[in-house]
Amino acid sequence: MVLGFSSCKQEDEPKYHAPTTFTVAQPALQNQAFRTNSEMTDKETFDLFCSQPDYGYSAICNYSALVSLNPDAPLEDWIALPNENSTSAQMAIKTYELGVAVNQLLNVENQADFDARDLYNQEFKCYFKAVCEIPGVEGSKIISSNTVSYNKVMINYAEKLAGWIYICGDVENINTGIANGFTAPSVANLALYKDNFALYEPEDKIGEKLYVGSFNVTPKEAATKPETSDPFNVDQCAQFRFFTDLLGWTPDASLGSNEADFFCDPITDKYQAGYTGDIVAQGLGNWGIFITEPVPVTIVVDVPNLKVYVKEGVHDVTFVGRDPEFN
């Protein structure tokens, strides 16, 4: 009996290279009519599908889309559409975002202009390209070589308004003096949260999901009394976290410092000069600051990149890219 042996050479480590091809799939329901939504909070979506470009390895990518009413328009005239599932090649795009884009492409000035042109009763053929890139990797962005379409899109009037999220915890509104005190983040308290505890997108960052707000952080009672005050006791830190929606005490809409409920990440020694930290999506943990009297802070929350910035004082915030500068 002869034994045969075959030798094999170990594959090289996967290496990044810029992709050369990328396509988006024609929607199966491209001829099904649908109407875009006019409400920013509406979650209705439509789908676009693509595959990951060949980067040389299986990378975590961000996917989005571009839309135009003219497939031959120069690329700078297409409008970007965010993907609700940013890392998924099965893109879910809000019909609201499409409606805003089509209104812009039609140069609609306002509701009266929209009505006068009878745009509500018209159908539009919308063309789409897909976009893929690896976050933080320069030169990784690629746009699909083909275009696809939805052929029967009807629109409502829609305009882009600043989005918001909510802060919950030992904070008070600087202007109204209303304290939060971990009031339940529920729909029943929507007016309280919207009027007093919302962080908003700046006008020049609408749609970027970068939220800014200034609040007073309020001390725990035990921290204010000399006989009980203990700066090394994390339970005496004033604490807070964020919610993207008011769904109650559930992780579904919570942005916290840790997965664990009641966890506190103390940032007392960092926030005065400026604290930058990571956010845990669906995290139930808080950030904490040991103080003995109310202290104003300015906060920036970058939801897509899961970053939080906290700096003592009330500041105007500008951005270099997505990095905040506290002025």
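Residues numbered from 1 in each chain as written. Predicted model: local features only at pLDDT ≥ 70, side-chain atom pairs only at ≥ 80, totals over all residues. Heavy atoms only, no water.

Once that is clear, we can look at the nonpolar core. Ranked by internal contacts, the top residues of the largest apolar core, which has 36 residues, are Leu 48, Leu 98 and Phe 128. Every element with two or more residues in this core is listed here: β3 (45-50), β4 (62-68), β5 (79-81), β6 (90-94), α1 (95-105), β7 (124-133) and β9 (148-154). Ranked by residues supplied to this core, first place goes to β7 with five residues. If sequence neighbours within four positions are ignored, Leu 98 has contacts with Phe 34, Thr 36, Phe 46, Val 67, Leu 81, Cys 126, Phe 128 and Val 153. Counting 32 residues, the second-largest nonpolar core is a separate cluster that includes Phe 197, Ile 289, Val 301 and Val 308. (Core = buried A, V, L, I, M, F, W, Y, C linked by side-chain atoms within 4.5 Å. Buried < 20%, exposed > 50% of the residue type's maximum accessible area, 1.4 Å probe, protein only. Helix = DSSP H or I, 4+ residues; strand = E, 2+ residues; numbered from the N terminus. Contact = heavy atoms within 4.5 Å.)

Attention now moves to the confidence of the model for the chain. Scored by pLDDT, the chain comes out at a mean of 94, with 96% of its residues at no less than 70. Note on residues 1-11: pLDDT is under 50 here. Beyond four places in sequence and across chains, it has zero contacts. (pLDDT = per-residue confidence, 0-100.)

Under the counting rule described, the total for this entry stands at eight salt bridges. Arg 117 is the salt-bridge partner of Asp 113, the closest N and O atoms lying 3.2 Å from each other. Of the charged contacts in the structure, one is a salt bridge between Lys 220 and Asp 170, with a shortest N-O distance of 3.0 Å. Separated by 50 residues along the polypeptide, Lys 220 in the loop between β13 (210-217) and α4 (221-224) and Asp 170 in the loop between β10 (164-169) and β11 (171-172) bring together distant segments of the chain. On the basis of relative accessible area, Asp 170 is assigned to the buried category, the value being 10%. (Salt bridge = Lys/Arg side-chain N within 4 Å of Asp/Glu carboxyl O.)

Here we come to the packing of aromatic side chains. Throughout the structure, instances matching the rule amount to 14 aromatic pairs. Residues Phe 240 and Phe 242 carry aromatic rings whose centres are separated by 6.0 Å and whose planes lie at 65° to one another, so their mutual orientation is edge-to-face. An identical accessibility class is assigned to Phe 240 and Phe 242; each is buried. Cluster of aromatic residues (ring-pair linked, three or more members): Phe 34, Phe 46, Phe 128 and Tyr 150. Over the face of the ring belonging to Tyr 120 we find Arg 35, whose NZ or CZ atom lies 3.7 Å from the ring centre. (Phe/Tyr/Trp six-rings, centres within 6.5 Å; stacked < 30°, edge-to-face > 60°. Lys NZ or Arg CZ within 6 Å of the ring centre and 35° of its normal.)

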